[in-house]
Amino acid sequence: MEGLEAWISLLQETAAEKLGDPLDRLLAFHGDYFNTQYEQSWNLPDLEAAIICANAAVEAIPEDHPDRAKSLNSLGYYLHSRYERTGNLQDLEAGIEHANAALEATPEEHPGRAKSLNNLGYRLHSRYKRTGNQQDLEAAIGNANTAVEATPEDHPDRARRMNNLGWCLHSRYERTGNQQDLEAAIEHANAAVEATPEDHPDRARRMNNLGWCLHSRYERTGNQQDLEAAIEHANAVLEATPEDHPGRARSLDSLGCYLHSRYERTGNQQDLEAAIEHANAVLEATPEDHPGRARSLDSLGCYLHSRYKRTGNQQDLEAAIEHANAEVEATPEDRPGRAGSLSNLGCRLHSRYERTGNQQDSEAAIEHANAAVEATPEDHPDRARRLNDLGWYLYSRYIRTGNQQDLEAAIEHANATVEATPEDHPGRASYLNNLGCYFYSRYGRTGNQQDLEVAIEHANATVEATPEDHPDRASSLDNLGCYLYSRYERTGNQQDLEAAIEHANAALEATPEDHPGRARSLNNLGCYFYSRYERTENQQDLGAAIEHANAVLEATPEDHPGRARSLDNLGRYLYSRYKRTGNQQDLEAAIEHANAVLEATPEDHPGRARSLDSLGCYLHSRYERTGNQQDLEAAIEHANAALEATPEDHPDRARSLNNLGCYFYSRYERTENQQDLEAAIEHANAVLEATPEDHPGRARSLDNLGCYLHSRYERTGNQQDLEAAIEHANATVEATPENHPGRASYLNNLGCYFYSRYGRTGNQQDLEAAIEHANAALEAIPEDHPDRARRLNDLGWYLHSRYERTGNQQDLEAAIEHANAVLEATPEDHPDRASSLYNLGTMLRSRYHLTRNLYDLEATIAAWLDSWNMRTAPNLVRLKVAFYAISILAFSSVKDLSKAYSLLHDATRLIPLVILRSLDREDQQHILGQLTGLASLAISVSLEASRSPLEALQLQELGRSITNSQLLDYRSDISNLMEHHPTLANTFDSLRQELDSPFISTKSLEMSMNQYLQIQQAAIHRRNKVAQDVDNILSQIRQQPGFKNFLLGNSEEYLLSAAQEGPIVLLNVTELRSDAILVTEAGVTSIVLPNVSHTCMMQYFGEKPPPTPDIENAKKRELLGWLWKDVVQPVLRKLGFYPRPKDSDTPLPRIWWIGIGLMAKAPIHAAAKFKKGHVKKTTFQYCLPSYTSTIRALQYSRSRQASTIRALQYSRFQQGQQLPSISMLIVTMPTTPDKSSLSSIVKESRQIQHSLRDRGTIDTLERPTVERVLQVLPNYNIAHFACHGVSSINPADSHLLLVKESISHDGLRTEEVDKLRVKDIAALKLPGARLAYLSACSTANSTSPKLIDEVTHIVSSFHIAGFPHVIGTLWPAQDEACEKMAADFYSMLSITDNVALSYRSAVLRLMEQKPLQPMYWAPFIHFGA
């Protein structure tokens, strides 16, 4: 450049006449020469030289010279070229300035004025494209129009000026969407081409512009003739352009663009490949530093991105992103195209996010889109499109995170886009489409129907604005169909569903066979067919849905990102066909597809939660089919994972919560573990809270919650749960349209809850409501519906209850008719048949009581025995029906004691099998509470049927204190089997769990009765096989050494060995008979207790306690006298312990008493004969009385005592002591929040410490927390508790009251009670424990009549924890008595170290003080070894 400038200086110094030409003309000539060189080589120094020469020429020509305008025009032209190359806005401004100056220097009538106008218009148009300032565009159009008008028809420059005017009008069309501008642009472009000779060098460029305008009209109208014409022109341009022509790249670029559009229209991949080929050629022909290179990169990236979307080939996507990055890097910060480059990069990163779920890509896409919007002026024509893109990316992030702010921002941007876009703009339809999509999503989030209506309105507007043959019409129809389908889901209006199918069909017809968008249309149409199937149960619709889903899958490459979704839908439809037909192959295929979806979905992908949900659903169904608990556990695991992967405020979270709650409920039904029920309720509540009032899914959520609350009511009896269930069920029915397919089920549930309330309150209105709703539910389902049997069953039961209430025999006959219909509809070996047979038997028994027709009673027994013999039914159901059958066989006029005994013999052996070790104590209690009295009845029936006392004893040992037995550390059958034969143990445990689970009815499946029976037969076959497998595994176990009597009861040898230290006496009273079974070393015998009746027991133990102490003592004396005379004395006499010789010095014998049923509440130890103000005879005079729950529990106590004694003897030997050393903990609670103070406790503690001061370590905890006690208790072998005790109706919740600190709502420290519960104590394992002394009220009292045979109270819990000896109380003890009893007990223990003897001595001393007040001295008992 320095040489050029020196040459110009030399020219300026030399006289013009010496050069032979004016200086300005010479400089202009050289400027033109250098510009021509630049246009051929794109060598920027040539352009710089042209500008230098043109500048010098302008400076050299006088202001008023007639050629000055020409020089200004040339300089402006070269500066504009440099602007196009570098993007330097100063060059563009200077070019405009020079064009303005040229125009001003040209007179109005001058022939060169048109050229100046044209040049100025061209540069103003460039500034418009840079800034988006519409004033520049209008000025450009004005100048171009004037230039054309000022140019004669036959002028050689008219074509060029018409071309420029057309291009400016095209830009205004792009800005405003005004089609008149587009038509005018095409008209001018056509005229320019026609006016240009075939061999003119500018013809190619003008044809190219015409093609571009025609392509724009195609994009506006969808008229394919315009697209074909554009391609034709582009091909002609390319043929007319030499290989090495600098303009060839532009022609290739245009042709590639039009071919890509045709690909988008037809799906013809050859067009796409050709577009990519041309774009590659353009890029290769464009120098690295060429200003058009960024555009070339953009086009190639765009086409590769389309190929990625077609094939799913990620290499194409990565290449598209690479090109977009290069495009951004090649575009300076202030270059007008930078915003577009950023926009393109954001688009491709967003696609990668959709592929991989990598949120970094999502965030980067949003960042680039934001930057693109910020770099785009408010009135720029591309601003609307960039706002649209930003909204879409924010919407995608909302889908990922559920953050509603993103959704609201997307709606805001979309609204702004639509508002900024003229009514007739070609892009408006697309923007309306997106806005509708966002409103639709907000509807899905909030359930607000206004949003859905707005979405439909926008979708309708989109379809109306899109011509019939437009390539986007199919997509618009698809969306409209989708929104109408959602309105159908909301309202149940089938017209919306039919319209959705119609639109989806139209979309499919408008999409070529090989078009990449065809898969979406197939997918949507399949979805709507599936919904119509759900509505009408027309299996053709389901078949069509599966057919379309298969077609979608076939059209989707293996590695395509959309394949997972296609698999998901196909799996869903196959799952529905499984539910319709019961064909397990469909279920297995659904699970296979769901697994494939999950494997194809990255860990952090937003769609993974949905995939986990689907797989969990199918596995849960397989669990319902097969009872395989592994499937249930896997379903819970997947549902939990789905929930964890779903943000708190995500709209899909409710679905995951709902599914997880459902699976927890299924596990609760399987195991009766209340924690699962609580979890189900918790999740259902969360679903309801997350579901808006008017959301279409709210009814189902209410229904589920009502069901779970009703189950909890049945479990706990809490009426609040029942009322809430009714409230939710009512709301469900009200929210469900009359013709909704789920309404019948909701009505049935509401009827069930009304019936439960009737059972609770006896209010006949509730019973009538139950019958009304059950009738409505029955009428709402077809004759062959699989739910019909269940609803007949419910209605029959309600009618039977009304008969019991009113005595109306018509209700009874109708109930029996319904029960018979249920049985006819239920296969012979269906597990649910057991319950149906029970119901029929109950109704027949009612008719027997009415008519006294023995046939009905015999039919009742037959029905119940058939029910018992259903070995595939859950064991708990079989046990309950056996109990009812035994009651008739033992007590009625058709008495059959042999059959009753046989039934009891088998039923009792089932009791341990219904209690799963995985259940907590309260869940076990719930199950056993349904079998109250079975063990007691077994003894009576055995003896009445002339079976041996040993057999009666063995049945008692099997059927009593089950929960305690499972917690003891002795070698029980199952734990022993687990130690020696773990494989057999695990197999047996798994089989018994499966067999004991409730049979999962397929009542909710949408299928004909024939299909229903097919699926049931498969499940029944599985149950039969499991039942046979249980028999086989039991046979294998009993063949193992030492397991001959596995689950058959203890051997005679084992039972007799327990009597080595003294007899064991079982006392049993039923309505059938009263007996004492005596276990001695010599054998097992029994005696009848003729004067003891069930009626007497109810009088003594079924009444509320008398109101005053005097009356209480009088009642207790009466009771103790009766027990002495009619129970204890006959037993002692039989054992040879009564009468006892006077002055006998033989040690008193030990007797362990076991009270069965109500006898468990009897104070046998204190039985006494009162005479003349004192106790004349008492149990204590003839034996050392103790209690145990079972013989096995006693053996356990002795084994623990033996190990403790050995340890103490060793300690004593080490220390040279006479008596064993002790380590003792004393826990005292002199005051307890909200309870009376125990003033004597401090004195009691001091006396104990004094008595045992020389025996070892004694530590005291005053008013400790439960946590502290549980922490230190294992360190001691004696534990003494002096505190309040509470016996609860829920035995596992019985507790000792301690204390803990809490912080009140106003920040103050307060105290509250801390409960040391039975279940916490029983969970302990204390190998060194010896004695627990519970100086508290009612610690050995069982207040629950249903669980009296479980012997679950505070005393037994300490026994289970490891204390061989426990001292407790049967009823509230007086403070003074507690203090003296403890003092005397420990005083004697310090001398004898014999717990039973010390206990007897202390009670007798209390008796001596207040003999006529048994409430004072009689509550204290000894439990254990």
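What counts, and at which threshold
Residues numbered from 1 in each chain as written. Predicted model: local features only at pLDDT ≥ 70, side-chain atom pairs only at ≥ 80, totals over all residues. Heavy atoms only, no water. Helix = DSSP H or I, 4+ residues; strand = E, 2+ residues; numbered from the N terminus. Contact = heavy atoms within 4.5 Å. Areas by Shrake-Rupley, 256 points an atom, 1.4 Å probe, with all protein chains shown as cover. Buried < 20%, exposed > 50% of the residue type's maximum accessible area, 1.4 Å probe, protein only. Pairing = 2+ DSSP bridges. Axes fitted to C-alpha atoms, helices over the stretch in contact; angles between N-to-C directions. Parallel < 35°, antiparallel > 145°, perpendicular 65-115°, else oblique. Left-handed = near helix turned anticlockwise from the far one by under 90°. Nonpolar A, V, L, I, M, F, W, Y, C, P; charged D, E, K, R; others polar. pLDDT = per-residue confidence, 0-100. Patch = residues over 30% accessible without salt bridge, like charges linked within 9 Å, V, L, I, M, F, W, Y side chains within 5 Å. Salt bridge = Lys/Arg side-chain N within 4 Å of Asp/Glu carboxyl O. Lys, Arg positive; Asp, Glu negative; His and termini not counted. Charge placed at Lys NZ, Arg CZ, Asp CG, Glu CD. Phe/Tyr/Trp six-rings, centres within 6.5 Å; stacked < 30°, edge-to-face > 60°. Lys NZ or Arg CZ within 6 Å of the ring centre and 35° of its normal. Core = buried A, V, L, I, M, F, W, Y, C linked by side-chain atoms within 4.5 Å. Expected span 1.5 Å × (residues − 1). Polar contact = N/O pair within 3.5 Å; in protein donor to acceptor, adjacent residues only side chain to side chain.

To continue, consider the overall build of the protein. Within the protein, the regular secondary structure consists of 60 helices and 16 strands. For the protein, restricting intrachain contacts to residue pairs at least 6 apart in sequence, the fraction spanning at least 24 positions comes to 69%. For the protein, the exposed area adds up to about 59,000 Å²; of that, 47% sits on carbon and sulfur atoms.

When you tally the buried positions in strand 2 (residues 1074-1080), you get 6 out of 7 residues, the bulk of the element. Sheet topology note: the strand 1 (residues 1064-1069)/strand 2 ladder contains 6 bridges and is antiparallel. By the bridge assignment for strand 2, leucine 1067 is matched with alanine 1076. Counted along the chain from strand 1 to the antiparallel partner strand 2, the turn is 4 residues long. Note that strand 2 and strand 3 (residues 1083-1088) share 6 bridges and pair antiparallel. Bridge pairing links threonine 1080 to glycine 1083 in strand 3. Counted between consecutive antiparallel strands, the loop separating strand 2 from strand 3 contains 2 residues.

All right, on to the packing of helix 17 (residues 338-356) against helix 19 (residues 383-401) then. Between helix 17 and helix 19, whose axes approach to 11 Å, the crossing angle comes to 25°. Relative to helix 19, the element helix 17 lies roughly parallel. Considering the relative orientation of helix 17 and helix 19, their crossing is left-handed. Contacts between helix 17 and helix 19 involve Ala339, Gly340, Ser343, Gly346, Cys347, His350, Tyr353 and Glu354 from the former and Arg385, Arg386, Asp389, Trp392, Tyr393, Ser396 and Arg400 from the latter. Classifying every residue of the contact of helix 17 with helix 19 by side-chain character gives 5 nonpolar, 5 polar and 5 charged.

When pLDDT is averaged along the protein, the result is 83, and 89% of the positions lie at 70 or above. In the predicted structure, residues 1206-1216 sits below a pLDDT of 50 and forms 10 contacts with residues beyond four places in sequence or in another chain.

What follows concerns a positive patch on the surface. Residues Lys1169, Lys1171, Lys1172 and Lys1176 make up a contiguous surface patch of positive charge. Secondary-structure assignment places lysine 1172 in the loop between strand 5 (1168-1171) and strand 6 (1174-1178).

Turning to the packing of aromatic side chains, a few remarks are in order. Counted under the stated rule, the structure contains 33 aromatic pairs. Every member of this aromatic cluster is reached through a ring pair, and the members are Trp392, Tyr395, Tyr398 and Tyr438. Above the plane of the ring of tryptophan 868 lies arginine 878, whose end atom (NZ or CZ) is 4.2 Å from the centre. When the ring centre of tyrosine 1416 is taken as reference, the NZ or CZ atom of lysine 1410 above it lies at 4.3 Å.

Before going further, it helps to examine the nonpolar core. Of all hydrophobic cores here, the largest spans 98 residues; its most connected members are Phe1358 and Tyr1386. Considering every element that reaches this core, the biggest residue donor is helix 52 (residues 1109-1135), with 10 residues. Not counting residues up to four positions away in its chain, the partners in contact with tyrosine 1386 are Met1224, Ile1248, Ser1251, Leu1252, Ile1278, His1280, Leu1331 and Tyr1333. Judged by nonpolar contacts, the second largest core, of 77 residues, contains Tyr575, Ala724, Tyr746 and Tyr755.

Under the criterion given, the structure shown has 61 salt bridges. The partner of aspartate 451 in a salt bridge is arginine 442, and the shortest N-O contact between them spans 3.0 Å. For aspartate 451, a relative accessible area of 7% translates into the label buried. Between arginine 947 and glutamate 951 there is a salt bridge, with its nearest N and O atoms 3.2 Å apart. Classification of arginine 947 as partly exposed rests on a relative accessible area of 36%. For glutamate 951, a relative accessible area of 23% puts it in the partly exposed group.

On to helix 42 (residues 897-910). Compared with an ideal rise of 1.5 Å per residue, which puts 14 residues at 20 Å, helix 42 spans 20 Å between its outermost C-alpha atoms and is within 8% of the ideal. All buried positions along helix 42 are accounted for by Leu897, Ala900, Tyr901, Leu903, Leu904, Ala907, Thr908, Arg909 and Leu910.

The subject of this paragraph is the environment of alanine 863. Turning to its location among the elements, alanine 863 is positioned in helix 40 (residues 854-868). In contact with alanine 863, not counting residues within four places along its chain, are Leu837 and Gly841.

Time to look at the packing of helix 12 (residues 224-240) against helix 13 (residues 248-266). With their axes 9 Å apart at the nearest point, helix 12 and helix 13 run at an angle of 155° to one another. Considering their axes alone, helix 12 and helix 13 lie roughly antiparallel with respect to each other. The handedness of the crossing between helix 12 and helix 13 is left-handed. Residues Gln224, Leu227, Glu228, Ala230, Ile231, Ala234, Asn235, Val237 and Leu238 of helix 12 form the contact with helix 13, whose own contacting residues are Arg248, Ser251, Leu252, Leu255, Tyr258, Leu259, Ser261, Arg262, Arg265 and Thr266. Here the residues of the contact of helix 12 with helix 13 are counted per class, giving 10 nonpolar, 5 polar and 4 charged.

As paired elements, strand 5 and strand 6 share 4 bridges and run antiparallel to each other. By the bridge assignment, lysine 1169 is partnered in strand 6 with lysine 1177. The turn linking strand 5 back onto strand 6 is made up of 2 residues, and lysine 1172 within it adopts a positive phi angle of 50°.

Glancing now at a negative patch on the surface. On the surface, a cluster of negative charge is contributed by Glu174, Glu219, Glu264 and Asp472. A residue is classified by how much of its surface remains accessible, and glutamate 174, at 41% relative accessible area, is partly exposed.

Relative to the helices and strands, serine 836 resides in helix 39 (residues 833-851). The contacts of serine 836, once residues within four sequence positions are left out, are Asn793, Val822 and Leu823.

All right, on to helix 35 (residues 743-761) then. For helix 35, built from 19 residues, the straight-helix expectation of 27 Å at 1.5 Å per residue is met to within 8% by its first-to-last C-alpha distance of 27 Å. Judged by how many residues are buried, helix 35 sits mostly within the fold: 14 of 19 residues are covered. Just downstream of helix 35, glycine 762 is the residue with a positive phi angle, here 75°.

This brings us to the side chain of serine 1398. Its location among the elements puts serine 1398 in helix 59 (residues 1395-1409). Relative accessible area serves as the criterion here: at 0%, serine 1398 is assigned to the buried category. Side-chain polar atoms of serine 1398 contact the side chain of threonine 1392, separated by 3.3 Å. At a separation of 2.7 Å, a polar atom in the side chain of serine 1398 contacts the main-chain carbonyl oxygen of asparagine 1394.

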